[in-house]
Amino acid sequence: MKTFFRLYVNSYKGLSPAAWLLALVMLINRTGSMVIPFLGFYMSSELNFTKPQIGLVLGCFGLGSVCGSWLGGKLTDRYGNFLVQTWSLILVIPLFLVLPLFRTFEGLSFMIFLLTLVADTFRPANSVSVARYAKPENITRAYSLNRMAVNLGFSIGPALGGFLATISYNWIFYGNAIAAAAAAIVFIYFFRNKKGNSRTKLSPSPMVEDTGTAVKGRNAYTDGLFIIFNILCCLFSMAFFQLISTLPLFYKDIYKMDASETGLLLGFSGFVIVLFEMVLVHSAEQRFSVRQIMLWGTAIAGVSYLMLNLDYGIIWLYLAMFMLSTGEMLTLPFMATISINRADKSSQGAYMGFNSLAFAAANIFSPYLGTYIAEHYGYTVLWSLAGGILLFVSIAYYWVIDKMKA
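Reading the values: rules and limits
Residues numbered from 1 in each chain as written. Predicted model: local features only at pLDDT ≥ 70, side-chain atom pairs only at ≥ 80, totals over all residues. Heavy atoms only, no water. Helix = DSSP H or I, 4+ residues; strand = E, 2+ residues; numbered from the N terminus. Contact = heavy atoms within 4.5 Å. Areas by Shrake-Rupley, 256 points an atom, 1.4 Å probe, with all protein chains shown as cover. Phe/Tyr/Trp six-rings, centres within 6.5 Å; stacked < 30°, edge-to-face > 60°. Buried < 20%, exposed > 50% of the residue type's maximum accessible area, 1.4 Å probe, protein only. Lys NZ or Arg CZ within 6 Å of the ring centre and 35° of its normal. 1 Å grid on protein atoms, 1.4 Å probe; cavity = no way out; pocket = protein on both sides within 12 Å on 5 of 7 lines; lining within 4 Å. Points joined across faces, edges and corners; volume = space filled by probe spheres on them. Nonpolar A, V, L, I, M, F, W, Y, C, P; charged D, E, K, R; others polar. Polar contact = N/O pair within 3.5 Å; in protein donor to acceptor, adjacent residues only side chain to side chain. Core = buried A, V, L, I, M, F, W, Y, C linked by side-chain atoms within 4.5 Å.

Draft legend 1. Representation of the overall build of the chain in the model. Within the chain, the regular secondary structure consists of 17 helices and 0 strands. Considering only intrachain contacts with a sequence separation of at least 6, the fraction spanning at least 24 residues in the chain is 88%. Accessible surface, the chain: about 16,300 Å² in total, of which carbon and sulfur atoms supply 68%.

Draft legend 2. Layout of the packing of aromatic side chains. For the structure shown, the criterion picks out 23 aromatic pairs. Between the aromatic rings of phenylalanine 226 and phenylalanine 354, the centroid separation amounts to 5.7 Å while the plane-to-plane angle is 70°, which identifies the pairing as edge-to-face. Of this pair, phenylalanine 226 sits in helix α11 (residues 224-240) while phenylalanine 354 sits in helix α16 (residues 348-376); the two residues are 128 residues apart in sequence, bridging distant segments of the chain. A relative accessible area of 0% places phenylalanine 226 in the buried class. Its relative accessible area of 12% is what places phenylalanine 354 among the buried residues. Taken together through their ring pairs, the aromatic side chains of Phe250, Tyr251, Tyr255, Tyr305, Tyr379 and Trp383 make up a single cluster. Geometry around tyrosine 189 places arginine 192 over its ring, the cationic atom sitting 5.2 Å from the centre.

Draft legend 3. Just empty space enclosed by the protein, in detail. Using the criterion set out here, one finds 3 cavities of 30 Å³ or more in the structure. Its boundaries defined by the atoms lining it, the largest cavity holds a volume of some 1,200 Å³. Lining the largest cavity we find 44 residues, and of these Met26, Arg30, Arg123, Val150 and Phe241 sit closest to its centre. Element by element, the count of residues in the lining of the largest cavity is highest for helix α8 (residues 139-167), at 6 residues. Here the lining of the largest cavity is composed, by residue class, of 25 nonpolar, 14 polar and 5 charged. Here the second largest cavity defines a volume of roughly 50 Å³. Forming the boundary of the second largest cavity are Leu247, Tyr251, Ser304, Tyr305, Leu308, Leu317, Ala320, Met321 and Leu324. For the lining of the second largest cavity, the residue count by class is 8 nonpolar, 1 polar and no charged.

Draft legend 4. Unusual backbone geometry, seen in detail. Of note, the phi angle at asparagine 48 is positive, near 60°, even though the residue is not glycine. Here asparagine 48 shows up in the loop between α3 (35-46) and α4 (51-79).

Draft legend 5. Focus on the side chain of serine 304. Structurally, the position occupied by serine 304 is in helix α14 (residues 290-307). Since its relative accessible area comes to 2%, serine 304 is described here as buried. Within the local environment of serine 304, its side chain forms a polar contact with the backbone oxygen of alanine 301, the two atoms lying 2.5 Å apart. Dropping the residues within four chain positions of it, serine 304 is found in contact with Ala320, Met323 and Leu324.

Draft legend 6. Looking closely at the nonpolar core. Ranked by size, the top nonpolar core spans 63 residues in total, and within it Phe229, Phe236, Leu243, Phe250, Met335 and Tyr397 carry the most contacts. For this core, the secondary structure elements donating two or more residues are α11, α12 (246-255), α13 (259-287), α14, α15 (314-342), α16 and α17 (379-405). For phenylalanine 236, the contacting residues outside a window of four places in its chain are Thr298, Thr331, Leu332, Met335, Phe359, Leu390, Val393 and Tyr397. Ranked by size, the runner-up nonpolar core spans 31 residues in total, among them Ala18, Leu22, Val25 and Phe191.

Written as structure tokens, this is what we have:
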């Protein structure tokens, strides 16, 4: 216990005050993460949508995310990360408030697209701001701190959302609006006059050797190896983010869980990440190359989905979620570092936007494919495919990161 506590404290040392403030903004914003985890529940129980309709609406979420990620990267390089994050947080507030008024398939599809278009312009801008405000030697841990805040919020949000959903599903939308408003106030107050670091690249380290250094003037959208890397990130997220589309439906259909029980299980993922991510990332980057970390992290996530084909009760579900969270902790922070490491200062928004785009693109197809496979072939086939894809991607990551180094 003393060793763990010492590692835990050391993992936070050296992080800049600005990195902590960005994490605070993310914590407040993601505490409102109530809509997406329960959107499938809401459409199924409240609106009586079919599974294919649910998949298509969630596909509109992905389409909006793609457009928002691309637009956010462009706007960040042109206007700066502060303005993009500020307006994204402000504009989503009224969208969350009016969303319960749209109860038809067509109306909800359009509003989900518009909401995620606005909300996801925030993502590349926020990723750039982490790099700008972090100390260069601590950039991966700064991303981990930001993700820890996201997951702490995500552990609170679904649990709170599950409780509010038992009162009225409308309250999950209002809760998201309140959280976005609070995050906007805190962000504007602390960052309106704050200057970033002039040097945002990592100092020489094994991480740089593994991911390749930036070439001035290189275009994110013509960088061949980075394109391959993002295709793999897209495949990764198509499998991994069944977490927020079909996994809650699986709990409902197979284990007969209600919204509050599902919220607690999803919130457990955030709790695990908050407790272990900083220690795990800090220890892993000291002992292993990024190729090894990405290989094993992605493979562990794949195994977690394969575990769902075995029925050993609720405890087994929590163990599978723990494995999925471990894989997430070992992959997602390093994906951001690889991306920012390929960019020079003038193209950071484009590189982070392209990487966000890879995740967003998967959300167009992933929900529909996941619900379609579950409806027509069963959850066993779905989890086998998800696990198999992640195992393939783990090996492919190992190959492409080696090529990026060369």
